[in-house]
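# Structural overview
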Amino acid sequence: MSILRDVYFAQVGHLDPRVQLWPFPDSLMGRLIEYLVAHEVGHTLGYQHNQKASSTYPVDSVRSRTWIKRMGHAPSIMDYSRFNYVANLATVPAIGLPSGFSKNGLPLSLAVLGTHFDESTVYRVAYAYEQATEWHRRWPAAAG
Ligand SMILES: [Zn+2]
């Protein structure tokens with residue numbers, strides 16, 4: 001379950017205030033597990049990964065709330081686009097990084113934003129930050 005939590009934190013933590021709750025609420029963990037189980041059931045039925053399917057959805061469409069409500073943010077559950085991290089308010093690539101804990105021991109995150117279509121810089125900055133800090137290796141006291 002920690003990989004689900006970590007991936008969610010990294011991909012959409014800057015968009016979802018529920019990541020500041022620790023542990024994540026059962027309602028959120030339930031949705032994460034639901035998606036993972038559905039994906040793995042797809043494999044047991046013989047479906048392979050289908051990242052190509054997401055290329056059929058225009059970026060501006062997955063940033064549209066009304067379009068997402070009608071179509072979902074990915075055309076295939078066999079893609080790895082579990083979370084709609086494209087839909088941030090700034091419409092630029094972004095990643096959330098563990099950056100410490102609040103006075104109450106809740107996890108904090110640092111949002112790294114790049115310019116349009118410059119994900120590589122965002123990843124390089126995120127990697128450099130993780131090399132310079134240890135926050136991504138620490139857990140809140142409540143997590144044990
Ligand atoms: Zn898979």
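Right above here is the structure, for reference.
Figured I'd write up the structure that's included with this text.

### Focus on the coordination of the zinc ion
Around the zinc ion, the donor atoms from the protein are His39 (NE2), His43 (NE2) and His49 (NE2), and they sit 2.0 to 2.1 Å away. Overall, the relative accessible area of 38% leaves His49 in the partly exposed class.

### Some words on the nonpolar core
In this structure, Leu4, Tyr8, Phe9, Val12, Val19, Trp22, Phe24, Leu28, Met29 and Leu32 together form the largest nonpolar core, which totals 10 residues. The greatest single-element share of this core, amounting to 4 residues, is contributed by helix H1 (residues 2-12). Residues contacting Leu28, with those up to four places away along its chain left out, are Tyr8, Asp16 and Arg18. If you look at the next biggest cluster of nonpolar residues, it comprises 5 residues, including Ile95, Leu97, Val112 and Ala126.

### Topic: the pairing of strand E2 (residues 107-113)
Note that strand E1 (residues 94-101) and E2 share 7 bridges and pair antiparallel. Bridge pairing in E2 links Ile95 to Val112. Connecting the antiparallel pair E1 and E2 is a turn made up of 5 residues, with Gly105 showing a positive phi of about 85 degrees.

Cut-off values and rules
- Residues numbered from 1 in each chain as written.
- Predicted model: local features only at pLDDT ≥ 70, side-chain atom pairs only at ≥ 80, totals over all residues.
- Heavy atoms only, no water.
- Donors = N, O, S within 2.8 Å, 3.2 Å for Na, K, Ca; no water.
- Buried < 20%, exposed > 50% of the residue type's maximum accessible area, 1.4 Å probe, protein only.
- Core = buried A, V, L, I, M, F, W, Y, C linked by side-chain atoms within 4.5 Å.
- Helix = DSSP H or I, 4+ residues; strand = E, 2+ residues; numbered from the N terminus.
- Contact = heavy atoms within 4.5 Å.
- Pairing = 2+ DSSP bridges.

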